[in-house]
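# Inside the fold
Spelled out from the first residue to the last, the chains are:
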Protein chains: 2
Amino acid sequence: MNTMKITVQKFGGTSVAGLERMKRVLEIVSRECARGNKVVIVLSAMAGETNRLLDLASQWSSDPDPAELDALATTGEQVSVALFAMLCKDAGLKARSVLGHQVQIRTTCDYTNARILDIDANTLRAMLNDHDVLAVAGFQGCDEHGRLTTLGRGGSDTSGVALAAALNAETCEIYTDVEGVFTTDPNICDKARKLDRISYDEMLEMASMGAKVLQIRSVEFAKKYNVPVRVRSTFSDNPGTLVSQEDKSMEYVLVSGIAYDKDQARVTIYDVLDQPGVASSIFGPIAEKGILVDMIIQNTSRDGHTDMTFTVSRKDLQKTLALLEAVRQDIGAKEIQSDTGVCKVSVIGVGMRNHSGVASRAFAAMARENINLLMLSTSEIKITMLIEDKYAELAVRTLHEEFELDKQPGERKVGEV
Amino acid sequence: MNTMKITVQKFGGTSVAGLERMKRVLEIVSRECARGNKVVIVLSAMAGETNRLLDLASQWSSDPDPAELDALATTGEQVSVALFAMLCKDAGLKARSVLGHQVQIRTTCDYTNARILDIDANTLRAMLNDHDVLAVAGFQGCDEHGRLTTLGRGGSDTSGVALAAALNAETCEIYTDVEGVFTTDPNICDKARKLDRISYDEMLEMASMGAKVLQIRSVEFAKKYNVPVRVRSTFSDNPGTLVSQEDKSMEYVLVSGIAYDKDQARVTIYDVLDQPGVASSIFGPIAEKGILVDMIIQNTSRDGHTDMTFTVSRKDLQKTLALLEAVRQDIGAKEIQSDTGVCKVSVIGVGMRNHSGVASRAFAAMARENINLLMLSTSEIKITMLIEDKYAELAVRTLHEEFELDKQPGERKVGEV
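Conventions adopted
- All chains use their own residue numbering, which begins from 1 and follows the written sequence.
- Here the convention is simple: chains get letters from A, ligands get numbers from 1, in the order in which they are written.
- Selection of residues for local features in this predicted model requires a pLDDT of at least 70, selection of side-chain atom pairs for listing and counting requires 80 or more, and totals for whole chains, interfaces and linings are taken over all residues.
- Side-chain metrics rest on all non-hydrogen atoms present in the structure, leaving aside hydrogens and water.
- UniProt positions are given in the numbering used here, feature names are shortened, and annotations may be inferred rather than shown by experiment.
- Here the axes come from fitting lines to C-alpha atoms, over the contacting stretch only for helices, and the angles between their N-to-C directions go from 0 to 180 degrees.
- Secondary structure follows DSSP: runs of H or I at least 4 residues long count as helices, runs of E at least 2 residues long count as strands, and numbering of each begins at the N terminus.
- By the definition adopted for this analysis, an angle is roughly parallel if under 35 degrees, roughly antiparallel if over 145, roughly perpendicular if from 65 to 115, and oblique otherwise.
- By definition, turning the near helix anticlockwise from the far helix through less than a right angle yields a left-handed crossing, and turning it clockwise yields a right-handed one.
- In what follows, a contact means two residues having at least one pair of non-hydrogen atoms within 4.5 Å.
- Charged means Asp, Glu, Lys or Arg here, nonpolar means Ala, Val, Leu, Ile, Met, Phe, Trp, Tyr, Cys or Pro, and polar covers whatever is left, Gly included.
- One fitted axis covers the seven residues ending at a residue, a second covers the seven starting there, and the bend at that residue is the angle between these axes.
- Only protein chains enter the area calculation, which uses a 1.4 Å probe; residues under 20% of their type maximum are buried, those over 50% are exposed, and those in between are partly exposed.
- Being paired, for any two strands, means DSSP has found at least two bridges between them.
- Summed over both partners, the accessible area lost on bringing two parts together, with a 1.4 Å probe, is the buried area.
- Throughout this description, the term salt bridge denotes a Lys or Arg side-chain nitrogen within 4 Å of a carboxyl oxygen of Asp or Glu.
- Two N or O atoms count as a polar contact when they lie within 3.5 Å, although within protein this holds only if one can serve as hydrogen donor and the other as acceptor, and sequence-adjacent residues are included solely when both atoms are side-chain atoms.
- Domain boundaries shown here were taken from an automatic or database domain assignment.
- The atoms used to superpose the copies are C-alpha atoms, taken from residues with pLDDT of at least 70 in both, and the fit is least squares.

Per an unreviewed UniProt entry, chain A goes by the name Aspartokinase and belongs to Alkalidesulfovibrio alkalitolerans DSM 16529. Turning to chain A, the UniProt annotation filed under Catalytic activity (unreviewed entry) states: "L-aspartate + ATP = 4-phospho-L-aspartate + ADP". The Sequence similarities (unreviewed entry) field of the UniProt record for chain A holds the comment "Belongs to the aspartokinase family."

Two elements in contact, helix H2 (residues 49–60) of chain A and helix H3 (residues 66–90) of chain B, have axes separated by 9 Å at closest approach and are oriented at 30°. Looking at the two axes, H2(A) sits roughly parallel to H3(B). Two packed elements cross with a definite hand, and for H2(A) against H3(B) that hand is right-handed. Residue-level inspection shows A:Leu53, A:Leu56, A:Ala57 and A:Trp60 of H2(A) in contact with H3(B), the latter providing B:Val79, B:Leu83, B:Met86, B:Leu87 and B:Asp90. A class-by-class count of the residues in the contact of H2(A) with H3(B) yields 8 nonpolar, no polar and 1 charged.

All names here are of chain B. Along helix H10 (residues 317–331), the sharpest change in direction is near 35° and occurs at Glu 325. Residues of H10 that are buried: Leu 317, Thr 320, Leu 321, Leu 323, Leu 324, Val 327 and Ile 331. Of the surrounding secondary structure, the elements contacted by the buried residues of H10 are strand S13 (257–273), helix H9 (278–288), strand S15 (305–312) and strand S16 (335–348). Positive backbone phi, at 65°, marks Gly 332, one or two positions downstream of H10.

Once that is clear, we can look at the environment of A:Ile282. Locating A:Ile282 in the fold gives a position in helix H9 (residues 278–288). In this structure, the C-alpha to C-alpha distance between A:Ile282 and A:His355, residues 73 residues apart in sequence, is 36 Å.

A separate point is the sheet that holds strand S6 (residues 133–137) of chain A. Residue and element names in this part refer to chain A. Within the open sheet, the 8 strands sit side by side as S3-S6-S2-S1-S9-S11-S12-S10. Their pairing is mixed. Among the strands making up the open sheet, the edge pair consists of strand S3 (95–98) and strand S10 (197–199). On average, each strand axis in the sheet is tilted by 20° relative to the strand beside it, whichever way the strands run. Taken together, the 6 bridges between strand S1 (residues 6–11) and strand S2 (residues 38–43) define a ladder with parallel strand orientation.

Let's shift gears to the sheet that holds strand S13 (residues 257–273) of chain A. Two strands in a sheet stick together by hydrogen bonds in their backbones, pointing the same way (parallel) or opposite ways (antiparallel). Residues and elements named next belong to chain A. Overall, antiparallel pairing links the 6 strands, which are arranged S14-S15-S13-S16-S18-S17 in an open sheet. At either margin of the open sheet sits one strand with a lone partner, and together these are strand S14 (293–298) and strand S17 (375–379). The mean inter-strand angle of the sheet, taken between neighbouring strand axes irrespective of direction, is 30°. The pairing of S13 with strand S15 (residues 305–312) spans 7 bridges and is antiparallel. In the sheet register, Arg 266 faces S15, and the bridge partner there is Thr 311.

A few words now on the interface of chain A and chain B. Every contact between the two is made by 41 residues of chain A and, on the other side, 41 residues of chain B. Buried area between chain A and chain B, both sides added, is near 3,100 Å², and the carbon and sulfur share of it is 63%. The largest share of the area that chain A buries against chain B comes from A:Trp60, A:Glu68 and A:Met86, three residues that together contribute 25% of it. Applying the counting rule to chain A against chain B returns 2 salt bridges. Residue B:Asp65 pairs with A:Lys89 through a salt bridge whose shortest N-O separation is 2.9 Å. Linking chain A to chain B there are 13 residue pairs in polar contact (both at pLDDT 80 or more).

Take the domain arrangement of chain A next. Structurally, chain A comprises domain 1 (6–177) and domain 2 (257–406). Using C-alpha coordinates to define each centre, domain 1 of chain A is positioned 38 Å away from domain 2 of chain A.

Mapping chain A onto chain B calls for a screw motion: a turn of 180° about the axis and a shift of 0.1 Å along it, with 0.1 Å RMSD after fitting. Given the turn and translation reported, the copies of this chain are related as if by a two-fold rotation axis. The C-alpha atom lying nearest the rotation axis in chain A is that of A:Thr75; the distance is 2.6 Å.

It is worth spelling out the UniProt feature "binding site: substrate" (unreviewed entry) in chain A at this point. All names here are of chain A. Per the UniProt record, "binding site: substrate" (unreviewed entry) is found at Thr 50 and Glu 77. Spanning 28 residues, the named residues form one tight spatial group whose C-alpha atoms are at most 8.7 Å apart. If you trace the backbone, Thr 50 turns up in helix H2. Exposure remark for Glu 77: the relative accessible area of 2% places this residue in the buried category. If near-sequence neighbours (up to four positions away) are discounted, Glu 77 is found in contact with Leu 43, Ser 44, Ala 45, Thr 50, Ala 137, Gly 138, Phe 139 and Gln 140.

Bringing the side chain of B:Glu173 into the picture now. Residues and elements named next belong to chain B. Positionally, Glu 173 belongs in strand S9 (residues 171–176). Among the residues examined, Glu 173 registers a relative accessible area of 8% and is labelled buried. Polar contacts involving the side chain of Glu 173 include one to the side chain of Arg 232, which spans 2.9 Å. Once you skip the residues sitting within four places of it in the chain, Glu 173 turns out to touch Val 8, Gln 9, Lys 10, Arg 230 and Arg 232.

So, on to the pairing of strand S16 (residues 335–348) of chain A. A regular strand carries its side chains on alternate faces of the sheet. Residue and element names in this part refer to chain A. When S13 meets S16, the two strands line up antiparallel, connected through 11 bridges. Bridge pairing in S16 places Ala 259 opposite Ser 346. Here S16 runs beside strand S18 (residues 382–388); their pairing, made up of 7 bridges, is antiparallel. Each bridged residue has a counterpart across the sheet, and for Ile 348 the counterpart in S18 is Lys 382.

With that out of the way, let us pick up the environment of A:Thr50. All names here are of chain A. Classification of Thr 50 by relative accessible area gives buried; the value is 13%. Distance from Thr 50 to Asn 37, taken between C-alpha atoms, is 31 Å for residues 13 residues apart in sequence. Setting aside chain neighbours within four positions, we find Thr 50 in contact with Ala 45, Glu 77 and Arg 153.

In this structure's numbering, the residues bearing the UniProt feature "domain: ACT" (unreviewed entry) are residues 267–341 and 347–417 of chain A. For residues 267–341 of chain A, the end-to-end C-alpha separation is 11 Å, with 35% helix and 37% strand making up the annotated structure.

Our focus in this paragraph is the side chain of A:Ser346. Looking at where A:Ser346 falls in the secondary structure, it is placed in strand S16. At 2.9 Å, the side chain of A:Ser346 forms a polar contact with the side chain of A:Thr384.

In this section: the pattern of salt bridges. Side chains that carry opposite charge are capable of pairing whenever their charged atoms lie near each other. Throughout the structure, instances matching the rule amount to 58 salt bridges over all chains. For the salt bridge of A:Glu27 with A:Arg24, the shortest nitrogen-to-oxygen distance reads 2.8 Å. A residue pair is termed a helical-turn pair when its members lie 3 or 4 positions apart in one helix, as A:Glu27 and A:Arg24 do in helix H1 (residues 19–34) at 3 residues. Under the relative-accessibility criterion, A:Glu27 is labelled partly exposed at 47%. Look at A:Arg24 and you get buried, because its relative accessible area is 16%. Between B:Asp271 and B:Lys334 there is a salt bridge; the shortest N-O distance is 3.1 Å. Here the residue B:Asp271 occupies a position in strand S13, and B:Lys334 occupies one in the loop between H10 and S16, the gap between them amounting to 63 residues.

So this is what it looks like as structure tokens:
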């Protein structure tokens, strides 16, 4: 009897914002049912609803209790799934809503940012025996005490992927308001091309750079459990982008995309003592406050002193500077400077693992446009450059053109094998 | 260790509509905590919220699935308790929100109109060991399958009373936007007086007549478990009205209040066959459709035929007439007439059990004002008269004056022992 084919489809807030849009979702779900599949549909709160609820909370308390925030915020998805289940039933589908505490989407107790520990797949499968469609509330779970939890912003993506993994679903589709994952941001580069496929690792780099198509954690989850995820648009029939494990064909593609992130601030500490423990004196307190430090560069030591440069998110800059002031004497720093007029641009591709020359081509392209590189860092599949932010758009377009990303990989002139 | 004193306080939608009003609730709760009591506070959805949600549902479906309606509607109370718990914590109280599925307020599966079967008092008591205040979502529970249920309109009153019964609470207070239970509707009789006490039975009669202070079921529940309930205003310190078991002192009060109900329609069926089975042919189909029939009168038979008169709620009149048309031939009825210009007025008092003469005084008072009695029915503690609805206000004031309800029972001239 376990020949049940299961499709998981996740729809974001814009896809469920209002009756007309939900009818479009119903169309997609019905089509899947007509193919003979059981459908687990994961819904977000209607666009704007989560913000409305969190705004309420901030009126009620300057520092709202996280567990209560979750009890509050989970109502958004609860409304979506109840309404959608009504719609399904009217359309003749056997459907019901399912909340995070009903299937037991068990999470950690980290309210507002919980992680999924376990999903009771047996209960879900039993429900699927009796139903065509289960409308599962995304973003939410419950902890060991039965309290409601949420998975952090964009958490419904993770709900979708986790459900697909737990149910060993045939397909996991994440529906959103864009056509898929693009080679770069179409808003600043009109030659940006939708990718048919992208690897988990590339997607992680794209996502962390602000290509906000999928929540990072959902991609990590998909990678861990090897769940192929199709990102596609609710409002068209374009097949979107398949995010999946790297395979041979991907390795032949040198560069997959160009990402950028303007939310960057650079901090330089001059003449720090170059001795053990100094780095942890600097970055320990910053990490404790939950501030993410990105690129870190340390110059070669001179006279027992060195310069240290790193980047943080712009919103964290003032807090970071205050923390540095507090340790300034201990680390023997002469001067601390900061700069918010910077931007990070990255060239991403798993093909780099097997090909050299990508970095030098990128640097040469930037030089041709007189764009000065302020900081550099490279990983196996990424080259990141910090530049003045006024050059951000130019840099993205230049790199996009250099690596011929507007063309299908097979049609590119150079750099491919 | 079981010397814990527990107070249950229930606040309705107008009492939690907005931050300022919730602060007033916090004041009341804090005062109770300062007395050393543990407080279980039961909250309704903010005024208007339940209607907003049900309006959404009716846009989504002409006949929404009841289980999904409940999944939808329960979010209203969930928002209230989460926000209120935040407020409590900011005020330094140890507080948390509690949902119907978390304490296991177990109900029947009758979605939108479920009945409480059981409350897990042990879990609640364990929570109270660690908290000053538990903010429990009213109106909701969950069934044996873990699905959310609601208790019907005004169900939060029942939640409050049921929790007080389960916890053997010292006090059960129902806070609302009126000062308590009045001898009659103050809107049509400016001499209406707030009652200090009223018996469960009297309250049931008052409530069913549209004195909408407490949900009827909550009064039944209070009576069954003998929970004294204090009805009082959130917005004043008036001690309100105590609804409790009848005692000796109440029996000396002849009449406690005058109720009226304008939502009445009268139906008369002429020349029905007077034979066994006819009454069930008439009222069977009506009951099956969930229509409540109130007063029923059958005249003495003539020539094997009789007339039958009864009242229903005005909204049910058309449905009732259609059902009667369907059985008209079977019951041999000559004619069916209906009339919506009628009103029910009742004189209520447990003292009637031991005193005669109340009915004749009531009839005489009506006659003095030339108010014709269309139908009559009496019970142990109630005399009900159907009159033309244009006389409704006059009848209420006349009866109120006749029984001197504006005066304290001890100060009344006549009819008291």
